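So you can see what is in the structure, the chains are spelled out below.
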Amino acid sequence: ARELDFTACGVARAEAVDETTAQTFRRWIDEGRHGSMQYMENYLDKRLDPRLLLPGARSIIVVALNYYPAQRLSPTQLQFSYYAYGRDYHDVMKAKLRLLVETLQSLPTTPPCEGQEGGSSFLLCCDTVPILDRYWAFRAGLGWIGKNNSLIIPGAGSYFFLGEIITTA
């Protein structure tokens, strides 16, 4: 993951989110705190249990990709958010996640898990799959959730895109 320029990488057991998180998320939706992001109401069951996204899922690999710009815009220029400085992060993240999966698939394999035939399956997630990114980043040990509701990575800050690989491995 580091060779692919990810700042952090961790692994969490694929399981349903804890009950406190599930209740908090449901209340957040019920109170309309998601504003115009109506898509947040979709696939609630899968958001709260990523095993429903990939049958046989056992692990969630979580990565963080720093987007803090190496060079900032001149104060005389029109300003916009740092995350929008470069190429579309969905494309960048998915390409790096694919490379990470290819690397994992090239490693010597262990025998298939009970009830699993052949190799492991992988599902790439980068804002295109209903998953609670920050929750899983925290669970994978990347950092903690700050008062600003962003993931804070110790010694590195909060300017990160998050991506996940749900896998049967």
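Cut-offs used in this document
For every chain, the first residue of the written sequence is number 1, and numbering continues from 1 along that sequence. Local features in this predicted model are restricted to residues whose pLDDT is 70 or higher, and side-chain atom pairs enter the listing and the counts only when it is 80 or higher, whereas totals over whole chains, interfaces and linings include all residues. Excluding hydrogens and water, the side-chain values take into account all heavy atoms of the structure. The term nonpolar core refers to a set of buried residues drawn from Ala, Val, Leu, Ile, Met, Phe, Trp, Tyr and Cys, joined through side-chain atoms within 4.5 Å. To sort residues, take the accessible area from a 1.4 Å probe on protein chains only and compare it with the maximum for the residue type: under 20% means buried, over 50% means exposed, and anything in between is partly exposed. The criterion used for residue contact is that any of the two residues' heavy atoms lie within 4.5 Å. Whether two strands pair comes down to DSSP finding at least two bridges between them. Runs of E in the DSSP output that reach at least two residues are strands. Runs of H or I that reach at least four are helices, and both are numbered from the N terminus. Here, axes are lines fitted to C-alpha atoms. For helices the fit covers the stretch in contact, and angles between N-to-C directions go from 0 to 180 degrees. Helix span is expected to be 1.5 Å times the residue number reduced by one. Taken from the helix axis, the directions to the C-beta atoms give the arc we talk about.

Colleague: Where do I start with the nonpolar core in this structure?
Modeller: Side chains that are nonpolar tend, in soluble globular proteins, to be buried together. Counting 29 residues, the largest nonpolar core has Val17, Val62, Ala64, Leu132, Trp136, Leu142 and Ile166 as its most contacted members. Setting aside chain neighbours within four positions, we find Leu132 in contact with Val17, Thr21, Phe25, Arg47 and Leu48. Leu4, Phe6, Val63 and Val101 belong to the second largest nonpolar core, which has 13 residues in total.

Colleague: I would appreciate a short explanation of the sheet that holds strand S2 (residues 59-66) in the present structure.
Modeller: Backbone hydrogen bonds are what pair the strands of a sheet, in a parallel or an antiparallel way. The 4 strands lie next to each other as S1-S2-S6-S3, forming an open sheet whose pairing is antiparallel. Unpaired on one side and paired on the other, strand S1 (8-13) and strand S3 (122-125) mark the two borders of the sheet. Shown here is a sheet whose adjacent strand axes are inclined to one another by a mean of 20°, direction ignored. Where S2 and strand S6 (residues 160-167) come together, 8 bridges link them in antiparallel fashion. Bridge pairing in S6 links Ile61 to Ile165. Set on the sheet, helix H3 (residues 89-106) makes contact with S2, S3 and S6; between it and S6 the angle comes to about 40°.

Colleague: Would you mind showing me how to read H3 here?
Modeller: Counting along an α-helix, one turn takes 3.6 residues, and residues three or four places apart therefore face a common direction. Across its 18 residues, H3 extends 26 Å between first and last C-alpha, which sits within 8% of the 26 Å expected from 1.5 Å per residue. Turning to H3, its buried residues number three or more, namely Tyr89, Met93, Lys96, Leu97, Leu100 and Val101. For H3, the angular spread of the buried residues around the axis is 145°, confining them to a single face. Opposite the packed face of H3, turned more than 90 degrees from it, sit the exposed residues Asp91 and Ser106.

Colleague: Looking at this structure, I do not really get the pairing of S1. What am I missing?
Modeller: The two faces of a sheet get side chains in turn, since along a regular strand they alternate between them. With burial as the criterion, only one face of S1 is covered, namely that bearing Ala8, Gly10 and Ala12; the residues Cys9, Val11 and Arg13 on the opposite face remain uncovered. With 6 bridges connecting them, S1 and S2 associate as antiparallel partners. Along S2, the bridge assignment pairs Ala8 with Ala64.

Remember, this is a structural readout, not a statement about activity or role.
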